[in-house]
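Examining the three-dimensional arrangement
Here is how the chains run, residue by residue.
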Amino acid sequence: MFIRRLPKFEYHSPASIAGVLGLLKKYGNKARIIAGGTDLLLAMKKRAVTPEHLVNVKNIKALKGISYDAKKGLKIGALVTCAELEESPLIKEKAPALWDAVYVMASPQVKTLATIGGNLCSAVPSADTAPPLIAMGAEAVLSGPKGEHIMAVEKLFKGPAESKVARSEILTHIRIPKQPERSCAAYLKLMRRAAMDLALVGVAAYVCLDADNKTCKEVRIALGAVAPTPIRAPMAEKLLSGKEISAALAEEAGKVAGTVCSPITDLRASLGYRCDMVEVLTRRAVMAALARINNRTTK
Amino acid sequence: MAEYSVVGKPVERTDGRIKATGSAKYAADLIAPGMLYGKLLRSPLAHAKILNIDATKAKALKGVKAVVTGKDFPGIPYGTRPDTRDQLPMPVTKVHHFGEGVVAVAAVDEDTAEEALDLIKVDYQELPVVLTAEDAMAPGAPLVNELSKSNIAYFSDFLFGDIEKGFKEADYIREETFSSQRVTVGFIEPHACLVEVDPTGRVLLQASKQSPYVTWRHMCRALDIPVSKMRIINPFVGGGFSGKHDPFDIDFATVKLAQMTGRPVKTVLNYDEVLAAYRQRNAMNAKLKMGLKKNGQITALRTECVLEGGPIAGIGPFNIYYFGAFQNVPYKIPAIEYHGKLTYSNRAPCGTVRGQEIVLAQYCLDSMLGIVAEDLGVDQVEIRHMNAVTNNWKAANGLIVDVSGLPECIEKCGKRIGWKESRTSRPKGRGIGFSCASHPSGVRLGGHFGSSVMLKLMEDGNVVVTHGGTEIGQGANTIFCQMTAEVLGIPFESVIQGVSDSDTTIFDSGMFGDRCTYWDGNATIAAAKDLKRQLAEIAGAELKVSPDDLEFKNSMIFLKENPEVKMDFLTASRRAYYEKGSPLYGRGYWAATDIDIVDWKTGRGNLAHGLDFIATGIKVDVDRETGKVTLLQGVSADDAGQPIHPVMLDGQVNGGSAHMTGHALLEDCLYDEKGRVLNGSWRDYKQPTALDTPEYIVEHVHTHDPYGPFGAKGAGEASSCSSLAAIANGIYDAVGVRIKDLPITPEKILAALKEKAKNSGKTGG
């Protein structure tokens, strides 16, 4: 009913991914990985989860760091914190939509602890890093008993607070493919207050233009907080694809996007309001992405 | 204007460095040797009979030292007024709200105490819940409070002036309803206390309290001990805003646990407990009927107000009274009829929040004024200016306004925010809203109303101040040091703030209602003058001059006519100690004994000196697509008399306004149909952040209050009273929709915009 002190648990702190996998195998469902702990510790204090074993991964160097390869694109370690993302010039330049997301997330204190891996693996429908990563076509690299495998971030979510990362696996890093020329993404988040708030609705839009600098060659729209998992809005994407994007067309796309969402009415907002806001934010996000492309080309 | 050396200067706060560096010790930081930890088991139900409490297993758990329930107390009810003693330390026969403390445990550590709570079995029989005022007043409604025979906890019916004549003379009459939600108080530090009992049985309570005297008296009554058997010392307090006046279940339980074990016990709450089970602002439903002349002059006002305040009356009688009394200012209204009711309910107990329910009264009054000004085609600034109270005004209820800077405040505010310019052009979706307010500098409510200050002169020439007007962040300590230094002619740095301790000077009716600067300030001046007189006698005897002819300045005591005849302040202090063997104390007390004690039946009387005034304008932007409101700029012009500390005064004015942005736009304590709290966490309960508040500008209108210390009035609550309507009026000015039920959420704005578009579509054909 009320927040309690942490329940008793055993704390493990392996130094390698192999060590983590060994412990996960040994303890199975009784173990949980802890990175920043900003979601997990609170859930434990509420007794929503009571793992007997916590496997700390913060000492594993292989899970840290942000790097960029001219061919492959960005590689972000699962342990990279939201604060590191926000402070990274590389992220701001190569993945501005992700920067949009971390900029409006949480408080400085929480951002310093919270990791991108944790944000994805916690799999709350309003996770801010998910829509921009999905829109940019990012992939998650997972390590498990059978070795490494790759899953699109879009496919990472099963349901509210449930990811497809198996209990025997660990998310090691995120890859954002090199973004084509004449492309950019933007993430917009609607909150009740101006900071330190969960998304009522989050919309990320990725737009890539043809060589004519007008026609929309490719577009991806990802919605957060309006379905059990982050989702794409394929009908809206189809509407924009192959056409020159205007405010009117973006508005139409917004209306279509508003029909694919399946939000809930909760304390924060009603279902109807959320659907209406998907319309508004989709239009704005598409136009924002477009404006970024135009800004770049005029520079 | 008088020239001052320390008063009116932005000196460094006495607690600034210690708080900014994190070294201040709050109640939760205190540690006593052999200390145990207390925890409370809380009711999962909002209304239920307590059939049985079985704590056998908990008592048997290793490390558990004591278990307390409501039955361990003498069963003496306490309350704010003699006719509203409706509270017991802990529940005995039934629980009244979700999260009420039912059983308390003391153990050697917190984990053991929590484990013990799990072992306690309480059998409840659920009772139907009363959630709203409507529920409470419904025929056959279950009784909420077993010590009261009715669900109406208090009521007031006032009639000031000739109401029939007032409405007859009106050219225009309009009636409107307004409502306001439950909000939490919003201090940072959750409730906490440390209790020690000495071998003689004397209790020492160190708790996070804003009006320790109130806590002290209520506790001694309900514990059935004389006040001398309890000592109360206030550590640093992390904010109060009216949420920490009275004792709570944790204070009583912790005292009892310490008495039973003979060991110190500390209990510290988590904030989710505070959000669920402690003080909130009353929910309000109000109906106003206002009559006006064509030119906008108000002729009559009829107001009905129902407050829903949880299972106790608490300070509710004051809330109901204030709501009616503060229809009389800040506007000149010759005739007022008022009907107010406070109902019980099974939601968290209410106290109030900064500005008390004047905040709600003013929200209704200035929203109404915004509406009727539009109807009559009178300018928003003009209608306020025309009706604003002026110097030497006697209001319909007998309240006397000695000095009113309000007309000038309104002019300054309108000018600074660019009202006139905005009428010719402004960006789409932008608007400006106004509200004024007045707040007393501490009313005289009867009972133990007074303030006291004790000064101790040290032999090194420094002075220690102790007073009962608690420092809760507002800066009281600093300004009493300033006032002491000013009167004694010594540097600010020579005055040291002592500890707030009931063994010396805690007699003070409390830190609320903008009263401390005024009441304790006057007591400080009296104490400093008392000390000054004693020093003048010592110096006068040695200098062979009359003490009356001596002046104190720059740490010197000298003859007014001939400054060469002098003795320095330190020498005089040493003479007292070393030659006369006499430590010197200055003793001061003050109460506004020359005004009327409130007549609770009629509501009449001159209830307060030093009415402070404010005019607030808020510039808003409304996103028509999302309904989101952004506050761009807040301009307040205030009349707080002579500013004692101009920077802290700005902070008070801006803080009061910022505090209410949450109430206007974001905050709402939500309950399910069974009275269980739905958003009891900082994640789900939306308090504004700094980014939600606008740029603030403060303009001061300097006046001199004839009764205030150095001409000062209170400050800090008026701006909370003027902010809700300013925001509501600003939103209307921006997009033409008026939301009359707070909070003004984006969803409500969007729905109203849609409705408006539909209607205008119809009329436009």
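Numbers given to residues run from 1 along each chain, matching the order in which its sequence is written. Labels follow written order: the first chain is A, the first ligand is 1, and so on. Note on the predicted model: pLDDT of at least 70 is required for a residue's local features to be given, and 80 or more for side-chain atom pairs to be given and counted; whole-chain, interface and lining totals, by contrast, use all residues. Only heavy atoms go into the side-chain values, all of them from the structure, while hydrogens and water stay out.

1. Notes on the domain arrangement of chain B
All names here are of chain B. The criterion, for reference: Delimitation of the domains relies on an automatic or database domain assignment. The contact definition used throughout considers only heavy atoms, calling two residues in contact when any of these lie within 4.5 Å. Throughout, the accessible surface (probe 1.4 Å) given up by two parts as they are put together, summed over both, is called the buried area. Polarity classes work like this: nonpolar for Ala, Val, Leu, Ile, Met, Phe, Trp, Tyr, Cys and Pro, charged for Asp, Glu, Lys and Arg, and polar for all others, with Gly in that last group.
We note that the domain assignment places domain 1 (16-22 + 450-590), domain 2 (31-127 + 188-239 + 245-277) and domain 3 (280-444 + 598-759) within chain B. Here the C-alpha centroids of domain 1 and domain 3 sit 38 Å apart. Taken together, the contact pairs 19 residues of domain 1 with 25 residues of domain 3. Surface buried jointly by domain 1 and domain 3 totals about 1600 Å² across both partners, of which 64% is contributed by carbon and sulfur atoms. It is G513, D514 and Y518 that lose the most area in domain 1 upon contact with domain 3, and together they represent 42% of the buried surface on that side. Tallied by class, the residues present in the side of domain 1 that touches domain 3 amount to eight nonpolar, eight polar and three charged.

2. Considerations on the pairing of strand β11 (residues 183-190) of chain A
All names here are of chain A. Our working definition: When a residue's accessible area, from a 1.4 Å probe over protein chains only, is under 20% of the maximum for its type it is buried; when over 50% it is exposed; and in between it is partly exposed. Per the convention used, a helix needs a DSSP run of H or I reaching at least four residues, while a strand needs a run of E reaching at least two, with both numbered from the N terminus. Strands are treated as partners if at least two bridges between them are detected by DSSP.
For β11, a buried count of seven out of eight residues is recorded, marking the element as mostly surrounded by other parts of the structure. Where β11 lies against strand β12 (residues 201-209), eight bridges are found, and the strand directions are antiparallel. For L188, the partnering residue across the bridge sits in β12 and is V203.

3. Observations regarding the pairing of strand β21 (residues 451-457) of chain B
Residues and elements named next belong to chain B. Among the seven residues of β21, five are classified as buried, and the element is accordingly described as predominantly covered. Pairing of β21 with strand β28 (residues 585-590), which is carried by six bridges, proceeds in the antiparallel orientation. Pairing of S451 across the sheet is with W590, part of β28.

4. A look at the interface of chain A and chain B
For clarity, the cut-off: Any Lys or Arg side-chain nitrogen found within 4 Å of a carboxyl oxygen on Asp or Glu counts as a salt bridge. A 3.5 Å cut-off defines polar contacts: any pair of N or O atoms within that distance qualifies, except that in protein one atom must be a possible hydrogen donor and the other a possible acceptor, and neighbouring residues in sequence count only when both atoms are side-chain atoms.
Each partner contributes to the interface: chain A provides 26 residues, whereas chain B provides 36 residues. In this assembly, chain A packs against chain B so that about 2700 Å² is buried in total across both faces, 51% of it on carbon and sulfur atoms. Linking chain A to chain B there are 11 salt bridges. The salt bridge partner of K754(B) is D276(A), with a shortest N-O separation of 3.0 Å. Counting across the interface, chain A meets chain B through 21 residue pairs in polar contact (both at pLDDT 80 or more). Across the side of chain A that touches chain B, the residue classes break down as 15 nonpolar, one polar and 10 charged.

5. Here we look at the sheet that holds strand β10 (residues 170-176) of chain A
Residue and element names in this part refer to chain A. Note the cut-off: Lines fitted to C-alpha atoms define the axes, with helix axes restricted to the stretch in contact, and inter-axis angles between N-to-C directions lie between 0 and 180 degrees.
Taken in spatial order, the five strands of this open sheet run β4-β5-β10-β6-β7, and their pairing is antiparallel. The outermost strands of the open sheet, each flanked by one partner alone, are β4 (66-69) and β7 (147-152). The sheet shows a mean angle of 25° between the axes of neighbouring strands, taken without regard to direction. With four bridges joining them, β4 and strand β5 (residues 73-77) adopt antiparallel strand pairing. Residue pairing in the sheet places D69 in a bridge with G73 of β5. Relative to β10, helix α1 (residues 17-27) is tilted by about 130°, and along the sheet it contacts β6 (139-144) and β10.

6. Description of unusual backbone geometry
Residue and element names in this part refer to chain B. Note the cis peptide between V329 and P330, where omega equals 5°. With omega at -5°, the peptide bond leading from L742 into P743 counts as cis. Despite not being glycine, S242 shows a phi value in the positive range, around 80°. Along the chain, S242 turns up in the loop between β12 (230-234) and α7 (249-261). Take S242: its relative accessible area is 8%, and that puts it in the buried class. Phi is positive for N554, close to 50°, though the residue is something other than glycine. Mapped onto the secondary structure, N554 falls in the loop between β25 (550-553) and β26 (556-559).

7. Regarding the state of the cysteines
All names here are of chain B. Definition in use: Disulfide assignment relies on a single distance test, namely cysteine sulfur atoms paired within 2.5 Å.
This structure, assessed with the given rule, holds zero disulfides over all chains. Summary of cysteine pairing: C305 is not part of a disulfide, and the nearest cysteine sulfur, belonging to C364, is at 7.2 Å. Judged by relative accessible area, C305 falls into the buried class, the value being 1%. Left unpaired, C481 is separated from the closest cysteine sulfur, that of C516, by 14 Å. Here C481 falls in the buried class, since its relative accessible area comes to 0%.

8. As for the environment of A66(B)
Residues and elements named next belong to chain B. For A66, the location among the structural elements is in strand β3 (residues 64-69). A sequence separation of 194 residues divides A66 from M260, and the C-alpha atoms of the two residues are 6.8 Å apart. Dropping the residues within four chain positions of it, A66 is found in contact with A104, V105, A106, L257, M260 and T261.

9. A look at the domain arrangement of chain A
Residue and element names in this part refer to chain A. Domain parsing of chain A yields domain 1 (10-56), domain 2 (66-176) and domain 3 (183-298). One C-alpha centre belongs to domain 2, the other to domain 3, and the line joining them spans 20 Å. Contacts between the two partners involve 24 residues from domain 2 and, on the opposite side, 24 residues from domain 3. In total, domain 2 and domain 3 occlude about 1900 Å² of area from one another, counting both sides; carbon and sulfur atoms represent 63% of this. At the boundary of domain 2 and domain 3, one finds three salt bridges.

10. Considerations on the pattern of salt bridges
All names here are of chain B. Here the structure, examined in full by the defined rule, presents 61 salt bridges over all chains. Among the salt bridges present, the one from D503 reaches R231, with a minimum N-O distance of 3.2 Å. Note that D503 is positioned in the loop between β24 (500-501) and α15 (516-543) and R231 in strand β12, a separation of 272 residues in sequence. On the basis of relative accessibility, which here comes to 39%, the residue D503 falls in the partly exposed class.

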